[in-house]
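Reading the structure
Chain residues, written in single-letter form:
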Amino acid sequence: MLLAVRRIQRIRHICSRYASSSSQTRDAPSVGALLDFCVDLKERKLISESHPPNIPDKQRELLNNLPGVLYAGFDPTADGLHVGNLLILTALCRSTLFNCEAIAVVGSATALIGDPSGRNSERDELQKSTVASNSAEISEQIEKILGNVRKIKNEAKTRVLNNMDWWNDKNANDFRQISEHFRVGNMLRMGAIKTRLDEVAGINYSEFCYQIFQSADWNYLAEKYNCYFQMGGSDQLGHIDSGYDFIRRMTGQLSAGICLPLVTDDKGRKLGKSVSSGRRAIWLDRKKTSPKDFYDFFYSQSDEMAAKLLMYYSLRPVGEIRDLIAHSGPNEGQLQRELAEEMTSLVHGDSGVQVEHAQAIKFPSFQHIRMSDEERTQTSHCLDKLRKDLSERRILSHVVSADDRRVEMNGRPFSKIGSSSVDLKLVDLLSITALLRSTEFGCKPVILTNSSLQAEAVNAIVSNCSKSNEVEVYDTSSWWSQISCLDFVREARSFRTEDMLNLRSLQSQMNTGVSNDVLIELIMSIKEWEKLSSDRHCLLQIATDNRSDFLEYGIRRIPGSAAIRIDAEEQTSR
């Protein structure tokens with residue numbers, strides 16, 4: 001207990017000296033707080049990159065007009081934070097001494113997706129239970145550190161949030177609407193994406209759209225907490241750039257962000273967990289690294305390294321640190337002792353918070369239909385009759401298959417009709433009537449729609465068919481509304497972004513711009529087909545869409561599948 005009291009007294013003493021050396025305007029809220037804070041960061045050499053460029057020198061007017069609120073994110077990909085993460089945490093703490101409000105966002109949602117930044121290979125997919133456990137540990141560690149600042153400065157404004165709180169309620173349809181604001185061409189220009197696509201490994205769709213999640217996080221904080229400033233690690237400039245554009249598009253407001261430098265030791269090795277052995281990794285959790293080992297880590301630094309880390313990590317004013325360095329003799333250990341005492345006092349406090357996460361809603365399942373060999377043969381004959389009928393009516397454009405050989409069609413036919421708009425179009429009737437005629441040949445078709453209103457309209461048409469009981473109609477929007485956007489994006493890991501972008505239909509649009517929701521539409525359509533194939537034995541799709549390469553892409557993923565494309569333009573022009 002005595003040791004804990006001494007540590008709190010030590011922090012209070014340090015920060016009281018900081019406050020006395022600061023301008024008196026910092027004792028009251030100030031719209032220029034961010035500018036003062038950024039000037040301090042520059043003096044400490046803690047700004048490696050920024051957007052807009054040249055913060056603070058060329059962006060003084062912008063920083064003066066931004067609210068004094070800033071945030072940093074921490075994805076719980078491990079069960080604790082390390083000394084590399086401490087750099088951003090101490091910067092958040094220091095910002096409160098300039099009268100800024102500091103927000104730490106624990107990224108439970110984004111950890112489930114995977115940040116491609118700074119990596120040459122894909123991240124291992126984390127289980128939800130693992131992320132939830134990691135989030136609780138990291139939230140507690142952050143709250144302890146920010147709590148120590150609140151103890152010595154009662155008016156310090158800090159928050160610890162979890163982005164699962166706003167993503168958990170969003171479904172796949174919500175995510176698709178958000179994605180409409182992101183152009184694929186712009187997303188491809190991010191450094192991490194370009195690097196991965198230039199390599200053999202490529203990038204899965206989940207990691208490709210990570211930038212959408214982080215941009216939406218920042219926009220949420222801007223709208224709810226008036227936060228238009230972000231701090232990130234050395235590899236986060238692309239995400240900051242993307243978020244800047246998204247906020248301006250959604251709110252019309254300007255924002256700004258900075259990247260802190262990568263902290264390395266005397267030998268140029270990353271100061272953190274990624275390149276350290278399990279024994280040498282220095283964690284903020286006392287269960288993984290004891291307070292004594294934590295203290296010894298900072299105390300064992302060289303004079304040069306201790307001076308650098310004091311400037312990086314300490315909450316002291318820059319002038320005081322410079323005086324301390326100037327009056328410190330070689331090999332005296334004074335710098336190391338001051339650094340070790342301050343960091344140990346700041347990190348090992350007594351407070352915590354626990355985070356609970358709601359479970360994602362499961363995807364609704366059909367009653368599974370199993371087909372005997374006899375039924376499969378009969379269905380194949382029915383589909384041959386359907387193909388012949390479409391050909392005789394001169395509306396069959398061509399059959400899409402996995403290769404150029406004749407297709408042995410199996411399974412039940414289905415069609416996805418209706419665009420994102422509410423009303424059905426003339427081309428939709430072409431698919432519907434084709435499927436209704438198929439009942440005369442013994443087929444049992446399935447019709448998918450994009451909304452409940454479309455489903456009602458289709459059901460009204462189907463009710464006039466003599467064999468309406470053989471037709472199933474489903475509203476896919478109700479399916480996707482029950483799938484969390486996180487589950488959807490995690491499921492999309494199996495889709496290679498580079499493969500989708502190589503499709504002819506997308507290549508032809510790249511110059512004019514492709515919205516990310518086109519990729520989501522493609523993924524959704526294939527997941528729907530996979531679901532129907534598994535649970536309804538629907539292997540043949542009747543399509544009016546002229547994007548035959550989309551159909552080919554789905555056929556390559558679904559064994560035994562094929563598609564018939566109807567030439568809607570020729571038929572409707574008659």
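Structure's up top.
Heads up: these notes are all about the structure in this document. (Residues numbered from 1 in each chain as written. Predicted model: local features only at pLDDT ≥ 70, side-chain atom pairs only at ≥ 80, totals over all residues. Heavy atoms only, no water.)

Per the secondary structure count, the protein includes 27 helices and 12 strands. Expressed as a percentage of its 574 residues, the buried residues of the protein come to 55%. Across the protein, every contact between residues at least 6 apart in sequence was considered, and the portion connecting residues at least 24 apart equals 80%. Per element, the accessible surface of the protein, about 25,500 Å² overall, is 45% carbon and sulfur. (Helix = DSSP H or I, 4+ residues; strand = E, 2+ residues; numbered from the N terminus. Buried < 20%, exposed > 50% of the residue type's maximum accessible area, 1.4 Å probe, protein only. Contact = heavy atoms within 4.5 Å. Areas by Shrake-Rupley, 256 points an atom, 1.4 Å probe, with all protein chains shown as cover.)

Moving on, we come to the packing of helix H15 (residues 303–313) against helix H16 (residues 318–326). Relative orientation of the contacting elements H15 and H16 amounts to 170°, with a least axis distance of 10 Å. By the angle class used here, H15 and H16 are roughly antiparallel. Of the residues in H16, those touching H15 at Ala307, Leu310 and Met311 are Val318, Ile321, Arg322, Leu324 and Ile325. Among the residues forming the contact of H15 with H16, the class breakdown is seven nonpolar, no polar and one charged. (Axes fitted to C-alpha atoms, helices over the stretch in contact; angles between N-to-C directions. Parallel < 35°, antiparallel > 145°, perpendicular 65-115°, else oblique. Nonpolar A, V, L, I, M, F, W, Y, C, P; charged D, E, K, R; others polar.)

Glancing now at the environment of Cys465. With respect to the secondary-structure elements, Cys465 resides in the loop between helix H20 (452–462) and strand S10 (472–475). Taking C-alpha positions, Cys465 is 6.9 Å from Leu436, a pair spaced 29 residues apart along the chain.

Another aspect to go through is the nonpolar core. In terms of nonpolar packing, the biggest core is built from 128 residues, with Leu86, Trp167, Phe175, Tyr205, Met231, Phe298 and Phe488 touching the most fellow members. Dropping the residues within four chain positions of it, Phe175 is found in contact with Trp167, Tyr205, Cys209, Ile212, Phe213, Cys485, Phe488, Val489 and Ile520. One finds Leu390, Ala434, Val462 and Cys465 within the second-largest nonpolar core, a separate group that totals 24 residues. (Core = buried A, V, L, I, M, F, W, Y, C linked by side-chain atoms within 4.5 Å.)

For helix H12 (residues 210–225), with 16 residues, the first-to-last C-alpha span of 22 Å sits near the 22 Å given by 1.5 Å per residue. In terms of residue burial, H12 counts as a mostly covered element, since 13 of its 16 residues are buried. Backbone geometry just downstream of H12 places Asn226 in the positive-phi region, at approximately 60°. (Expected span 1.5 Å × (residues − 1).)

Our focus in this paragraph is helix H19 (residues 426–438). A rise of 1.5 Å per residue sets the reference length of H19, with its 13 residues, at 18 Å; its end C-alpha atoms lie 19 Å apart and thus fit the reference within 8%. All of the buried residues along H19 are Asp428, Leu430, Ser431, Ile432, Ala434, Leu435, Leu436 and Ser438.

Most of strand S8 (residues 412–416) is tucked away: four of the five residues are buried. In this structure, S8 lies alongside strand S11 (residues 538–543), joined through three bridges in parallel fashion. Bridge pairing in S11 places Arg412 opposite Cys538. Across three bridges, S8 lies against strand S9 (residues 446–449) in parallel orientation. Pairing of Phe414 across the sheet is with Val446, part of S9. (Pairing = 2+ DSSP bridges.)

Turning next to the sheet that holds strand S7 (residues 396–400). Taking strand neighbours across the sheet as the criterion, the six strands line up as S7-S12-S11-S8-S9-S10 in an open arrangement whose pairing is mixed. Pairing within the sheet leaves two strands with one partner each, and these edge strands are S7 and S10. Between one strand axis and the next, the sheet turns by 20° as a mean value, whatever way the strands run. Its contacts with the sheet place H19 against S8, S9, S11 and strand S12 (562–566), and it is angled at close to 165° to S8.

What the six strands build is an open sheet, ordered S1-S6-S5-S2-S3-S4; its pairing is mixed. Where the open sheet ends on each side, the last strands, each with one partner, are strand S1 (49–51) and strand S4 (157–162). Sheet twist, expressed as the average angle between the axes of neighbouring strands with direction ignored, equals 20°. Pairing of S1 with strand S6 (residues 256–259), which is carried by three bridges, proceeds in the antiparallel orientation. By the bridge assignment for S6, His51 is matched with Gly257. Each of strand S2 (69–74), strand S5 (229–232) and S6 touches helix H2 (residues 33–43); the most contacted strand, S5, lies at about 20° to it. Relative to the sheet, helix H13 (residues 237–251) contacts S1, S5 and S6, its axis offset from that of S1 by approximately 10°.

The next thing to look at is the packing of helix H25 (residues 516–535) against helix H26 (residues 548–557). For any two helices packed against each other, the geometry comes down to the angle between their axes and how far apart the axes lie. It is at 10 Å that the axes of H25 and H26 come closest, and there the two elements cross at 45°. With respect to H26, the element H25 is oriented oblique. For the crossing formed where H25 meets H26, the hand is right-handed. Mapping the contact onto sequence places Val518, Leu522, Ile526, Trp529 and Glu530 in H25 and Phe550, Leu551, Tyr553, Gly554, Ile555 and Arg557 in H26. (Left-handed = near helix turned anticlockwise from the far one by under 90°.)

This part covers the state of the cysteines. Applying the stated criterion across every chain yields a total of zero disulfides. Free cysteine Cys443: the closest other cysteine sulfur is in Cys382, separated by 4.7 Å. (Disulfide = S-S within 2.5 Å.)

Here we take up the packing of aromatic side chains. The tally for this structure, following the rule as stated, stands at 15 aromatic pairs. Measuring from ring centre to ring centre gives 6.1 Å for Phe298 and Tyr313, while their planes differ by 75°; the resulting arrangement is edge-to-face. Taken together, the positions of Phe298 in helix H14 (residues 291–299) and Tyr313 in helix H15 put the pair 15 residues apart, joining distant regions of the chain. Of the two residues, Phe298 and Tyr313, both sit in the buried class. Between Trp480 and Phe488 the ring centres are 5.6 Å apart and the planes differ by 85°, which places this aromatic pair in the edge-to-face class. Of the two residues, Trp480 and Phe488, neither departs from the other in class, the shared state being buried. Of the aromatic side chains, those joined through ring pairs into one cluster are Phe294, Phe297, Phe298 and Tyr313. One Lys or Arg, Lys224, reaches over the ring of Tyr225 and ends 5.8 Å from the middle of that ring. (Phe/Tyr/Trp six-rings, centres within 6.5 Å; stacked < 30°, edge-to-face > 60°. Lys NZ or Arg CZ within 6 Å of the ring centre and 35° of its normal.)

Here the focus is the layout of surface pockets. Roughly 1,200 Å³ of internal volume is contained in the largest pocket. Taken together, 49 residues line the largest pocket, and the ones lying closest to its centre are Asn85, Asp115, Arg123, Asp235 and Gln236. Among the secondary structure elements, those contributing two or more residues to the lining of the largest pocket are S2, helix H4 (83–96), helix H5 (108–113), H12 and S5. Here the lining of the largest pocket is built from residues that sort into 19 nonpolar, 19 polar and 11 charged. (1 Å grid on protein atoms, 1.4 Å probe; cavity = no way out; pocket = protein on both sides within 12 Å on 5 of 7 lines; lining within 4 Å. Points joined across faces, edges and corners; volume = space filled by probe spheres on them.)

That is the geometry; function is a separate question.
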